[in-house]
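Residue-level listing of the chains:
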Amino acid sequence: MVRYEVTVFTADMATATTFNNVFLKLVGTDGESERTLLVDDKGCASFFKGAVSSFSVCCPNSIGKLVLIEVDKQHLPPFLEDSWFASKVEVKSPEGDNYKFPIYRWIIDSKVHRFREATALRVFEENHHLGRNSRQQELKQREEDYRWDAYVGGVPHTMKASHPHSLPDEVRFSFTKKAEFSYTASEGMRELKLKGLDDCKENWTDIYAINRVFCCRKTDLSEYVQQHWKDDAFFGYQFLNGVNPILIQRCTALPNNFPVDHIRINNHLRGPHGLQDEMKKGNIFLCDYKRLDGVKPNTINGKKQYLMAPLVLLYSTPEDSLVPIAIQLKQTPADDNPIFYPSDSEYDWLTAKIFVRSADFNYHQLNTHLLRTHLLAEVFAVSLLRNVPMVHPLYKLLIPHTRYTLQINLLARLLLISENGFFTNFASSGGEGMITILKKSLSSVTYSSLCIPDDIAERGMEAVPNFYYRDDGLRLWDIIHRFVQGILSYYYKKDDEVQQDSELQTWIRDIFEHGFLSQAGTGIPQRFSTVDELVRFVTMVIFTCSGQHSAVNCGQFDYGGWMPNAPTTMQCPPPTTKGTTSEATMLQTLPNVDATVQGMAIMWLLSKRSSDFVHLGHFPEEHFREEIPRRLIKDFQGELEVLSAAIKTRNENLVVPYTYMDPKEVENSVAI
Ligand code: FE2
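The model shown is predicted, which means the values in this text are computed figures rather than measured ones. (Residues numbered from 1 in each chain as written. Predicted model: local features only at pLDDT ≥ 70, side-chain atom pairs only at ≥ 80, totals over all residues. Heavy atoms only, no water.)

Draft legend 1. Inspection of a nonpolar patch on the surface at higher detail. There is a patch of nonpolar side chains on the surface, built from Phe-19, Phe-48 and Phe-79 and spanning about 250 Å² of accessible area. Note on placement: Phe-48 falls in the loop between strand E4 (36-37) and strand E5 (52-59). A relative accessible area of 31% places Phe-48 in the partly exposed class. (Patch = residues over 30% accessible without salt bridge, like charges linked within 9 Å, V, L, I, M, F, W, Y side chains within 5 Å. Areas by Shrake-Rupley, 256 points an atom, 1.4 Å probe, with all protein chains shown as cover. Salt bridge = Lys/Arg side-chain N within 4 Å of Asp/Glu carboxyl O. Helix = DSSP H or I, 4+ residues; strand = E, 2+ residues; numbered from the N terminus. Buried < 20%, exposed > 50% of the residue type's maximum accessible area, 1.4 Å probe, protein only.)

Draft legend 2. Spatial organisation of the domain arrangement of the protein chain. Split by domain assignment, the protein chain resolves into domain 1 (2-118) and domain 2 (134-244 + 362-569 + 590-672). Domain 1 puts 20 residues into the contact, and the matching count from domain 2 is 19 residues. Regarding the contact of domain 1 and domain 2, the summed buried area is about 1,600 Å², with carbon and sulfur atoms giving 55% of it. By the criterion of area lost to domain 2, the three top residues of domain 1 are Tyr-104, Arg-105 and Arg-116, representing 36% of everything that side buries. Run the count over domain 1 and domain 2 and you get four salt bridges. The tally of links from domain 1 across to domain 2 stands at six residue pairs in polar contact (both at pLDDT 80 or more). Elements supplying a minimum of two residues to the side of domain 1 that touches domain 2: strand E7 (84-92), strand E8 (98-107) and strand E9 (113-116). Broken down by element, the residue count for the side of domain 1 that touches domain 2 peaks at eight residues, all from E8. (Domains from an automatic or database assignment. Contact = heavy atoms within 4.5 Å. Buried area = accessible area lost by both parts, 1.4 Å probe. Polar contact = N/O pair within 3.5 Å; in protein donor to acceptor, adjacent residues only side chain to side chain.)

Draft legend 3. Representation of the nonpolar core. Of all hydrophobic cores here, the largest spans 190 residues; its most connected members are Tyr-289, Trp-507, Phe-537 and Val-538. Tallying contributions element by element places helix H7 (residues 346-387) first for this core, with 22 residues. Built from parts of two domains, this core gets at least three residues from each of domain 1 (2-118) and domain 2 (134-244 + 362-569 + 590-672). The residues contacting Phe-537, other than those within four sequence positions of it, are Phe-380, Tyr-447, Trp-507, Ile-508, Ile-511, Ile-524, Pro-525 and Phe-528. (Core = buried A, V, L, I, M, F, W, Y, C linked by side-chain atoms within 4.5 Å.)

Draft legend 4. Main features of the sheet that holds E8. As summarised here, the arrangement of the four strands in space is E5-E1-E7-E8, forming an open sheet in which the pairing is antiparallel. Among the strands making up the open sheet, the edge pair consists of E5 and E8. Averaged over all adjacent pairs, the angle separating strand axes in this sheet is 20°, with direction ignored. As judged from the six bridges shared by strand E1 (residues 2-10) and E7, these two strands associate in the antiparallel manner. Residue pairing for E7: Val-8 is matched across the bridge by Val-89. (Pairing = 2+ DSSP bridges. Axes fitted to C-alpha atoms, helices over the stretch in contact; angles between N-to-C directions.)

Draft legend 5. Quick peek at the coordination of the iron ion. Around the iron ion, the protein contributes the donor atoms His-369 (NE2), His-374 (NE2), His-549 (NE2), Asn-553 (OD1) and Ile-672 (O), at 2.1 to 2.4 Å from the metal centre. Going along the chain, you hit the donors of the iron ion in the pattern H-x4-H-x174-H-x3-N-x118-I. Placement of the pair is His-374 in helix H7 and Asn-553 in helix H17 (residues 531-553), with a sequence separation of 179 residues. The exposure classification of His-374 matches that of Asn-553, with both residues buried. (Donors = N, O, S within 2.8 Å, 3.2 Å for Na, K, Ca; no water.)

Draft legend 6. The pairing of strand E13 (residues 284-288), seen in detail. Most of E13 sits inside the fold, with five of its five residues counted as buried. Judged from the two bridges that link them, strand E12 (residues 249-250) and E13 form a sheet pairing that is antiparallel. Residue pairing across strands places Arg-250 opposite Phe-285, the latter belonging to E13. Bridging between E13 and strand E16 (residues 311-316) involves five bridges; their strand directions are antiparallel. Of the residues in E16, the one forming a bridge with Cys-287 is Val-312.

Draft legend 7. Representation of the side chain of Glu-126 in the model. Relative to the helices and strands, Glu-126 resides in the loop between E9 and helix H1 (129-145). Apart from the residues lying within four places of it in its own chain, the contact partners of Glu-126 are Arg-116, Leu-121, Gly-131, Arg-132, Arg-135 and Val-391.

Draft legend 8. Up close: the packing of H7 against helix H9 (residues 405-416). Two elements in contact, H7 and H9, have axes whose closest approach is 9 Å; the angle formed by their N-to-C orientations is 135°. Between H7 and H9, the interaxial angle falls into the category oblique. The crossing of H7 and H9 is left-handed. Seen from H7, the contacting residues are His-374, Leu-375, Ala-377, Glu-378, Ala-381, Val-382 and Leu-385; seen from H9, they are Thr-405, Leu-406, Ile-408, Asn-409 and Arg-413. Taken together, the residues that form the contact of H7 with H9 break down as seven nonpolar, three polar and two charged. (Parallel < 35°, antiparallel > 145°, perpendicular 65-115°, else oblique. Left-handed = near helix turned anticlockwise from the far one by under 90°. Nonpolar A, V, L, I, M, F, W, Y, C, P; charged D, E, K, R; others polar.)

Draft legend 9. Representation of the pattern of salt bridges in the model. In total, this model carries 38 salt bridges according to the counting rule given. In this structure, the salt-bridge partner of Arg-114 is Glu-70, at a minimum N-O distance of 3.1 Å. With Arg-114 in strand E9 and Glu-70 in strand E6 (residues 66-74), the pair connects residues that are 44 residues apart, well separated along the chain. Relative accessible area serves as the criterion here: at 44%, Arg-114 is assigned to the partly exposed category.

Draft legend 10. Spotlight on the environment of Thr-580. Tracing the backbone shows Thr-580 in the loop between helix H18 (556-560) and helix H19 (583-589). On the basis of relative accessible area, Thr-580 is assigned to the partly exposed category, the value being 46%. Once the C-alpha coordinates of Thr-580 and Leu-37 are considered, the two residues, 543 residues apart in sequence, prove to be 81 Å apart. With near-sequence residues (within four places) excluded, Thr-580 lies in contact with Asp-348, Pro-575 and Thr-585. At 3.4 Å, the side chain of Thr-580 forms a polar contact with the backbone oxygen of Thr-577.

Structure, rendered in structure tokens:
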């Protein structure tokens, strides 16, 4: 008789405990153990949350190298069948070899579940029939559990699910996350109800009354925004370091549809140089919301809303401030589409800026945030779960970057962009317009625009001062790239190994087909030919799910908590001639009380960090067991620490600190 020492780890998280009987079978290259009831002297506490429990499994002879384990649990009356979150199983063989079996998932039924030994194996290395069989079974089950759904034509496909309960348990929110998310959502609405604001269709009559909506919910930055939202320099700053830093580009030639008055512009430029000279010097920038042109605006409470497609010209001053110097609110030049300048009346200029901020809110939420981070992250995740088994190195590398994404996106589809969702009820792009924007945005996504080094170069944004999104993002990209390169080049020494890995190839093919709707013009790879191609794509995936999402998500309340800085809609058309605006017209144009307070509650919810937040590079689940990948993880964490410290030091000298790309503030995945 030989003895295998088995250690079972139950996760240290709420509701992870099982009172059921747990059975284990060891499967090796030379045989298998009996299905064995795991019993130790702790009794029913063996599988309590956080428990680490040891057992023995005996066999008549050695069963060779362990390939997998089979685990099942059975309830014993009076206990009901419950859910158990097992972390991992470790086994020491009679020969003295140590094996690790990552689990990290809920076991909720009484079926037999198979888990592979942790050493990563690519499909063409799988030379034991039990391994091959288990690999096929796992993917077959996953294909059933994770089905593609064409939610709306022309936008990335999603996971087919109608309710959070219809998601597989392994991808659902934890108890803690769910409870906190629900609490934050309901608390916000309860406060608004108590104040009688949640259903008030009136317009604001005093802009500072907005301040009283959420008197207890503020951030340092949201207060700063309230004080500086009218400042030109702050308006310009937000294109660099606000929640939508991906639109601004260097302007080397004025668009034909933006016929600015050079004499008026030159008055706003410092020094003897005119606009042409400043453009040549790289000091002129453009934000063009052309994708919003022709979008049908929403109707709210029976009232037509207004969504502009502005053009904004900006100037980087000798003092390194970025200020707007001209705004045209519609794309087609016309007499009733005036170009506004800083020298116009206070309310003409402010009204023009508010229309831009409202366009930016809608553009940011649908394109920059929803499409380019949330929906793409879901595509990356669903393709991974359908095509790549747990034992594959890509699964081990990417699974931490999929956490909670499927549920948060489902909730967004149910609560934000549904027929009765926030966008439909309160945003000028809600309804038909939202779909138009998403379709237009997807058709213009390029692979290079998702890779920050290329994106910055293509936008000509290498030299503009105080662009912290760029500075931190490029450093973060480099760190992620080094890590991904280290891991993947450990497993893929030659390009032909990439080419013959059918699971990698189906992963990228599904992404191309379901995420980018087979549009070759995006430049998204349809297959991987080289290790370098694979490394670049996986770097982009991790960067998009972590740093990029943080950059466009975490400042939503900071910048949108003071509604006039990010109005969800505009209730009146823009001025067609100058000199017709006033404080009163501004208040009639801004969202009413109802839309304002709902928007603030949503911004608060979506900016709130959960207590089970996992920051970038922290991997509580141990999927890798080989020494080199584990060392690379430590190196990655060390580099992220250094970047975090550098960002904190830099921020000490900034009036408005830029924290969204600080690795300590960045979550591993799109989880909110
Ligand atoms: Fe988000």
